[in-house]
Amino acid sequence: MSGLLQVRGATVRVDATMLLDAVDVDVHLGEVLVVVGPNGAGKSTLLSVLAGDTRPDEGSVTLDGAPVEAVRPAELARHRGVLLQENQVSFPFRVVDVVRMGRAPWRGTDAEDRDDDVVAGALDDADVTHLAARRYPTLSGGEKSRASYARVLAQEPRLLLLDEPTAALDVRHQERVLARARAHARAGGAVVVVLHDLALAAAWADRVLVLAGGRVAAHGAPADVLTGALLTDVYDHPVDVLPHPVTGALLVLPRHGAAPDVVPEPDHDPTLQPLAEDLA
Amino acid sequence: MTATAPRATRAALPDADPSPLPPTVPARVAWLFGGLTAALLGLAVVAAGSGHLHVPPAEVLGGLARGLGLELGPEPSHPNGYAALWTIRFPRVLMAMLVGAALAAAGALMQGVFGNPLAEPGVVGVSSGAAVAASATIVLGVSVAGPWTTAGAAFLGGLVATFAVYALARSGGRTEVVTLVLTGVAINAVCGAVLALFTFLGDTQEREQIVFWQLGSLNGTRWAYVAIVAPLVVVGLVAAGAMARRLDLLALGERSARHLGVDVERLRVVAVVVVALLTAAAVAFCGIISFVGLVVPHLVRMAVGPGHRVLVPASALGGAVLLLAADLVARTAVPYADLPIGMLTALVGGPFFLWLVRRTRRQAGGWA
């Protein structure tokens, strides 16, 4: 296993808010790194730092030992592909046109000759071959997400950065997308996936990075990191982790109905006290 | 056993779908270019022969050949026919094509950069920005660059207006319809006020020139003007064509375009300069001719899809056809009168714009 991307002490601030606070991460070829954490933990910011979109205020990001900001956009595009959460297309391009756009970084290289095969393969991997001639804006949310995934696969980068690729997908396609991502890693690539679904994280990660409040709360193999105690603490909500009775795989189960009352009682909520005093 | 052996490349991809990919360029594209070219040439011959002094098509071609030093076809039979063709008609026909191509290509380019089908040099105020600067040179009597002064000022005015719209109407890599249109309203209002001020300050002759600006007309086109406009338009069209691929990627949004290797900041700046160049070339001598940049790219998109490698050249060709036709109507619809062409295009383009806004609104599910 070799390091492809190294992040050291990455700190990102917006005004007084710390989005990332001295985060260290290594992305290795051959493995799937899953990033989890509550809303606002800095997951998307970290992905944006890894992608070279956001330059950290402090710390460094290096790709193959070279500072990522020094790599030209066209060169960088041959190394990393990024699937964002939101994937809008301004004009009614066909799905096949959108996926072909993924080949743009390879224009003028020998790899261009394989364009048609790569695009056909990517369409199939994301299960959107039957939608190839459809106009992108007419697709459903999940179909858009898969079509965009096909675009990123067609780019053939070594490093795949995926921001919640499964959020809009049904169970079958969730599995298919993550299986394809793992296959990419097994074939020698690297994958970083941001996931909200902890069960999926437990199932597909080689390594898990738990972010909370812009800091690394835990980092390591899923079985070591995804524990009931840690997740309960990080998410501020009771979470159980059990072995699957049949397969032995990790099951991550948030306790449903365990949230504090959504409507607080006035005398228990300090923010409502002044109002109560005014009324008195 | 079938006659065809499976392709080796397919064998490497066992999961690959055997059905071929949809073609990159629809078959209709060839028909569109062929049809538009035929329409342009036919219309040019008819337009050159139409007017106060009628010249039949065969004599138009004969006159053209003679002017180019070829003894082909019949000579214009009217004693003034040859002179009318070469001093009045041909420069005007050529100018109509150049201006139409420039405006439509500028529209296509602008829509690509803004990621919004409603962006158009006239609607967002680029044309009026160019007109303000040009009329300033008229009223203030500036002539630092000789015959290029007006065109140069129009370019600067258009550039300032384009950057202003760009800076004001964009956020997060996209421009919302309502923001864009309202920004255009504001820019047009300011430019209208400045134009009004210049109209007030100018003497009778200058006023006439400014009014002509606002109405838009190809009347009085001379070869000297064509010689200034043509190189600007050619440079602008070549630059627009060179940007086409990257504009496609920009449709994915700025971040995704950057992830695919596009230097988005540079592309934006270059595109805005090219839009200003094309718009300035169009309005420099002919005034504000609006909606060409809106209508033509939209029709082309409906016919052959949004890919800019087809859209930009097809829009240029379509714009040339549209403006040539509009100019023919402008100078022949009413005998002994040369109607302002800007009025005609706005008359057709205004309702079209309304329809487009309603359609966009319906698709976006609100004022998004």
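Residues numbered from 1 in each chain as written. Chains lettered and ligands numbered in written order. Predicted model: local features only at pLDDT ≥ 70, side-chain atom pairs only at ≥ 80, totals over all residues.

Caption draft 1: The arrangement of the overall build of chain B in detail. Along chain B, the regular secondary structure elements total 14 helices and 2 strands. Against the 2.2 N^0.38 benchmark of 21 Å for 368 residues, chain B shows a C-alpha radius of gyration of 23 Å, consistent with a compact globule. Seen along its three principal axes, the alpha-carbon backbone of chain B occupies a region of about 75 × 55 × 35 Å. Looking at the 368 residues of chain B, the share that counts as buried comes to 49%. Across chain B, contacts joining residues at least 24 apart in sequence account for 76% of those joining residues at least 6 apart. (Helix = DSSP H or I, 4+ residues; strand = E, 2+ residues; numbered from the N terminus. Rg over C-alpha atoms; globule rule 2.2 N^0.38 Å. Buried ≥ 20, exposed ≤ 12 C-beta atoms within 10 Å, placed from the backbone. Contact = placed C-beta atoms within 7 Å.)

Caption draft 2: Quick look at helix H5 (residues 126-139) of chain B. Residue and element names in this part refer to chain B. Helix length check: H5 (14 residues) gives 20 Å between terminal C-alpha atoms against 20 Å at 1.5 Å per residue, within 8%. Most of H5 sits out of view: 12 of its 14 residues are buried. Restricting attention to buried positions, one finds in H5 the residues Val126, Ser127, Ser128, Gly129, Ala130, Ala131, Val132, Ala133, Ala134, Ser135, Ala136 and Ile138. Phi turns positive, to about 65°, at Gly141, one or two residues after H5. (Expected span 1.5 Å × (residues − 1).)

Caption draft 3: Highlighting the interface of chain A and chain B. Across the contact, 32 residues belong to chain A and 26 residues belong to chain B. Mapped by element, the contributors of at least two residues to the side of chain A that touches chain B are helix H2 (73-76), strand E6 (80-83), helix H3 (95-101) and helix H4 (115-125) of chain A. Looking at the side of chain A that touches chain B, the element that brings in the most residues is H4 of chain A, giving 7 residues. Grouping the amino acids of the side of chain A that touches chain B by side-chain chemistry returns 20 nonpolar, 6 polar and 6 charged. (Nonpolar A, V, L, I, M, F, W, Y, C, P; charged D, E, K, R; others polar.)

Caption draft 4: Representation of the pairing of strand E1 (residues 3-14) of chain A. Residues and elements named next belong to chain A. Here E1 runs beside strand E2 (residues 17-28); their pairing, made up of 8 bridges, is antiparallel. Across the sheet, Val12 pairs through a bridge with Leu20, a residue of E2. The loop that links E1 with its antiparallel partner E2 comprises 2 residues; one of these, Asp15, has a positive phi angle of about 55°. Bridge count between E1 and strand E4 (residues 58-63): 5 bridges; the pairing is antiparallel. Opposite Thr11, over in E4, you have Glu58 as the bridge partner. (Pairing = 2+ DSSP bridges.)

Caption draft 5: Local environment of the packing of helix H2 (residues 28-49) of chain B against helix H3 (residues 57-67) of chain B. All names here are of chain B. Running from N to C, H2 and H3 point in directions that differ by 95°, and their axes come no closer than 9 Å. One way to sum up the angle between H2 and H3 is to call them roughly perpendicular. Across from Val45, Val46, Ala48 and Gly49 in H2, the residues of H3 making contact are Pro57, Val60 and Leu61. For the contact of H2 with H3, the class distribution of residues is 6 nonpolar, 1 polar and no charged. (Axes fitted to C-alpha atoms, helices over the stretch in contact; angles between N-to-C directions. Parallel < 35°, antiparallel > 145°, perpendicular 65-115°, else oblique.)

Any functional reading would require information beyond the geometric quantities listed.
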